[in-house]
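The lines below spell out each chain.
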Protein chains: 2
Amino acid sequence: MTIESSERLLTPGEVALMFRVDPKTVTRWASAGRIGSIRTPGGHRRFRESEVSALLADLTMEASRTSA
Amino acid sequence: MTIESSERLLTPGEVALMFRVDPKTVTRWASAGRIGSIRTPGGHRRFRESEVSALLADLTMEASRTSA
DNA sequence: TCCAATTCGGGTAATTTGGGCG
DNA sequence: GATGTCCAAATTACCCGAATTG
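Residues numbered from 1 in each chain as written. Chains lettered and ligands numbered in written order. Predicted model: local features only at pLDDT ≥ 70, side-chain atom pairs only at ≥ 80, totals over all residues. Heavy atoms only, no water.

## Quick look at the packing of helix H1 (residues 12-19) of chain B against helix H3 (residues 49-58) of chain B
Residues and elements named next belong to chain B.
Okay, so step 1: Following both chains from N to C, one finds H1 and H3 inclined at 15°, their axes separated by 11 Å at the closest point. In terms of axis orientation, H1 runs roughly parallel to H3. Judged by the sense of rotation from one axis to the other, the crossing of H1 with H3 is right-handed. Counted together, Val-15, Met-18 and Phe-19 of H1 and Val-52, Ser-53, Leu-55 and Leu-56 of H3 form the full contact between these two elements.
Okay, so step 2: Split by residue class, the contact of H1 with H3 holds 6 nonpolar, 1 polar and no charged. (Axes fitted to C-alpha atoms, helices over the stretch in contact; angles between N-to-C directions. Helix = DSSP H or I, 4+ residues; strand = E, 2+ residues; numbered from the N terminus. Parallel < 35°, antiparallel > 145°, perpendicular 65-115°, else oblique. Left-handed = near helix turned anticlockwise from the far one by under 90°. Contact = heavy atoms within 4.5 Å. Nonpolar A, V, L, I, M, F, W, Y, C, P; charged D, E, K, R; others polar.)

## A few points about the UniProt feature "domain: Helix-turn-helix" (unreviewed entry) in chain A
Okay, so step 1: Those places that UniProt annotates as "domain: Helix-turn-helix" (unreviewed entry) correspond, in this numbering, to residues 9-57 of chain A.
Okay, so step 2: As annotated, residues 9-57 of chain A has a helix share of 53% and a strand share of 18%, and its two end C-alpha atoms lie 17 Å apart. (UniProt positions renumbered as here; feature names shortened; annotations may be inferred.)

## Here we look at the sheet that holds strand S3 (residues 45-48) of chain B
All names here are of chain B.
Okay, so step 1: Spatial strand order, S1-S3-S2: 3 strands in an open sheet with antiparallel pairing. Strands at the two margins of the open sheet, each flanked by one partner only, are strand S1 (9-10) and strand S2 (38-39).
Okay, so step 2: With 2 bridges connecting them, S1 and S3 associate as antiparallel partners. Looking across to S3, one finds that Leu-10 is bridged to Phe-47.
Okay, so step 3: Along the sheet, H3 contacts S1 and S3; its crossing angle with S3, the most-contacted strand, is approximately 65°. (Pairing = 2+ DSSP bridges.)

## As for the nonpolar core
Okay, so step 1: One finds B:Val15, B:Phe19, B:Val26, B:Phe47 and B:Val52 to be the most contacted residues of the largest nonpolar core, which totals 15 residues.
Okay, so step 2: When residues of this core are traced back to their parent elements, those giving at least two are H1, helix H2 (23-31) and H3 of chain B.
Okay, so step 3: Considering every element that reaches this core, the biggest residue donor is H1(B), with 4 residues.
Okay, so step 4: What B:Phe47 contacts, discounting residues up to four positions off in sequence, is B:Arg8, B:Leu9, B:Leu10, B:Thr11, B:Pro12, B:Val15, B:Val26, B:Ala30, B:Ile35, B:Gly36, B:Ser37 and B:Val52.
Okay, so step 5: Core analysis: the second largest hydrophobic core is formed by 10 residues, A:Val15, A:Ala16, A:Trp29 and A:Ala30 among them. (Core = buried A, V, L, I, M, F, W, Y, C linked by side-chain atoms within 4.5 Å. Buried < 20%, exposed > 50% of the residue type's maximum accessible area, 1.4 Å probe, protein only.)

## Concerning the packing of H1(B) against H2(B)
All names here are of chain B.
Okay, so step 1: Following both chains from N to C, one finds H1 and H2 inclined at 100°, their axes separated by 8 Å at the closest point. Relative to H2, H1 is oriented roughly perpendicular. Between H1, through Pro-12, Gly-13, Val-15, Ala-16 and Phe-19, and H2, the contact on the second element is made entirely by Pro-23, Val-26 and Trp-29.
Okay, so step 2: The residue inventory of the contact of H1 with H2, partitioned by class, reads 7 nonpolar, 1 polar and no charged.

## A word on the protein's contact with DNA strand D
Okay, so step 1: Lining the immediate surroundings of DNA strand D are 23 residues, of which A:Thr25, A:Arg28, A:Arg34, B:Asp22 and B:Thr25 lie closest.
Okay, so step 2: Sugar and phosphate atoms constitute 73% of the interface atoms of DNA strand D, taking the interface as everything within 4 Å of the protein.
Okay, so step 3: A distance of 2.7 Å separates a base oxygen of DNA strand D from a polar side-chain atom of A:Arg28.
Okay, so step 4: With respect to DNA strand D, the backbone of A:Gly42 contributes an N or O atom lying 3.2 Å from a phosphate oxygen.
Okay, so step 5: Elements supplying a minimum of two residues to the surface near DNA strand D: helix H2 (23-31) of chain A together with H2 of chain B.
Okay, so step 6: Counted by class, the surface near DNA strand D contains 4 nonpolar, 8 polar and 11 charged residues. (Near = heavy atom within 4 Å. Polar contact = N/O pair within 3.5 Å; in protein donor to acceptor, adjacent residues only side chain to side chain.)

Set out below in C-alpha cells:
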C-alpha cells in the first residue's frame, strides 16, 4: 500500500461522539448542507475530518466567547 | 507502446482507505458490480485507479450546496 | 523456500439509513 | 426549527482459517 490519504474521513458515529449528539443529528446536518458529506457506494456517509474539526473549533470558539 | 502507464491498479486495502471502509466492503462492491475489478491469477482483486477516483469524485459532491 | 502482510472465502455483530412521532 | 427515540431494512465491520502476494 503506497496510497497517500490526503484527507481522513470520519463515520457518522465518530462525528456524533465529537459533538456529543446523536448520529441521527449528524445525518441531519449533512442533509441540511451544514457539513459536506461523501457517500459510499452503499449509501453510508463519510465526513472530512478537517471540515468537522474546523466546525467543532468554530462552535467551541463561539461558546467561549458567549460565556465570557 | 502497449503498456499504459496510466493503468495504475489499486489493492482492496488502498481503495478501503480512500472510502474509509473495510477492505471486505470493497470486495462486496466488486461482487455487486458497483466497481469494476480485475483478478490476479491467484484470485485477488485489483481496481483501476482512474475508475475509483472517478467514483469517489462523484460521491464527493454536496460539499457546497448553498443556493438552489 | 521462508516470511510478513494482505486478501481471499464464509458467518455473525454493529452501525447506518430513512421515515415518522413527540 | 432542531433533537432524540422507535422501527425495519440495508450496509458495513470484525471473527476465523487458508491461500496469495511480494
